[in-house]
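Each chain, letter by letter, is given below.
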Amino acid sequence: MVKSSLEVAIVKGRGLMKKSNDSLHDLKHAENVEQTALEIFKSEKIEKISTGLVSAAAYWHDVYKASGNGFRLNNIDGRGSRLIAEKELGNTLSEKPLKKLLRAVADHDRVFKYAFSPKSFSPLGRLLIEADMLDVPDIDRWKRGVSRKNMTYFQRVVFVLFELMCIALLFPRIFTFEKAQQIFKKKSKEFWDFFLFKESYFFKIITNRV
Ligand SMILES: [Fe+2]
């Protein structure tokens with residue numbers, strides 16, 4: 001059977017994520033984002049997007065971070081992934097789906113803007129941001145990644161405090177889809193229980209004892 005162009009894009013994106021050196025932006029993270037985005041997508045009426053496009057966006061959104069050598073602290077991961085996707089998928093996808101994918105990928109890291117102006121984002125971009133943010137309070141992801149050995153002590157403390165602050169203060173206003181709100185409620189409860197009370201992960205992570 002001939003593969004559709006979106007299927008080819010998904011396979012290519014998975015291939016890049018599989019080679020990731022960044023334990024927070026690896027294939028498992030992309031798979032989680034895909035699964036969550038599809039879950040939200042199926043419970044909402046979102047026009048002019050297909051499940052294939054949702055999956056492809058999930059596999060391409062972090063290819064920039066995945067292509068680096070471990071920890072990257074910068075604010076161009078959306079634009080970086082867009083550039084890579086534009087180069088790699090230019091001959092794979094037709095114009096319309098490519099344009100939608102590139103816009104969503106480029107916008108996926110504009111979380112602060114999203115919290116205050118979600119309507120200025122495309123439907124695919126909204127889906128991608130919310131699914132991506134729902135993987136932040138994921139316990140297994142913290143276990144896999146936050147102790148990244150190539151971070152200095154200072155970077156680790158800043159990183160953990162920043163992520164916790166986002167989950168506590170910013171995230172409650174991020175989720176606009178009803179399904180996303182439900183998932184966030186459940187995940188954040190499990191996360192705080194685990195992180196602060198059951199395992200004292202905060203101290204393990206900043207002292208690099210995970
Ligand atoms: Fe991501």
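You'll find the structure just up there.
Residues numbered from 1 in each chain as written. Predicted model: local features only at pLDDT ≥ 70, side-chain atom pairs only at ≥ 80, totals over all residues.

(A) Local environment of the packing of helix α2 (residues 27-43) against helix α8 (residues 123-133). Packing of α2 against α8 leaves a shortest axis separation of 8 Å and a crossing angle of 125°. The orientation of α2 with respect to α8, classified from their angle, is oblique. You can see that α2 and α8 cross each other, and the crossing is right-handed. Contact residues: α2 offers Val33, Thr36, Ala37, Ile40 and Phe41, while α8 offers Leu127, Leu128, Glu130, Ala131 and Asp132. Each residue belonging to the contact of α2 with α8 can be placed in one class, and the counts come to seven nonpolar, one polar and two charged. (Axes fitted to C-alpha atoms, helices over the stretch in contact; angles between N-to-C directions. Helix = DSSP H or I, 4+ residues; strand = E, 2+ residues; numbered from the N terminus. Parallel < 35°, antiparallel > 145°, perpendicular 65-115°, else oblique. Left-handed = near helix turned anticlockwise from the far one by under 90°. Contact = placed C-beta atoms within 7 Å. Nonpolar A, V, L, I, M, F, W, Y, C, P; charged D, E, K, R; others polar.)

(B) Just the environment of Glu44, in detail. Looking at the secondary structure, you find Glu44 in the loop between α2 and α3 (51-60). Separated by 134 residues in the primary sequence, Glu44 and Glu178 have C-alpha atoms spaced 8.4 Å apart. In this view, Glu44 contacts Phe177 and Lys179; residues no more than four positions away in its chain are not counted.

(C) How the structure looks around the packing of α3 against helix α6 (residues 95-107). At a closest axis distance of 10 Å, the pairing of α3 and α6 adopts a crossing angle of 45°. Relative to α6, the element α3 lies oblique. Every pair of crossing elements has a handedness; the one defined by α3 and α6 is right-handed. Here Leu53, Ala56, Ala57 and Trp60 of α3 lie close against α6, whose contacting residues are Pro97, Lys100, Leu101, Ala104 and Val105. Of the residues that constitute the contact of α3 with α6, the class distribution is eight nonpolar, no polar and one charged.

(D) Region of interest: the environment of Glu163. Examined against the element boundaries, Glu163 turns out to sit in helix α10 (residues 153-170). Each C-alpha atom of the pair Glu163 and Ala115 lies 15 Å from the other, and the pair is 48 residues apart in sequence.

(E) View of helix α1 (residues 5-18). Its 14 residues place the ends of α1 20 Å apart at the C-alpha level, agreeing with the 20 Å of an ideal helix rising 1.5 Å per residue. What α1 keeps buried is the set Leu6, Ala9, Ile10, Gly13, Leu16 and Met17. Each buried residue of α1 sits inside an arc of 130° when the element is viewed along its axis, so together they form one side. On its buried side, α1 packs onto α2, α3, α4 (63-66), α5 (77-89) and α6. (Expected span 1.5 Å × (residues − 1). Buried ≥ 20, exposed ≤ 12 C-beta atoms within 10 Å, placed from the backbone. Arc of directions from axis to C-beta.)

Spatial relationships are all this shows, so hold off on functional conclusions.
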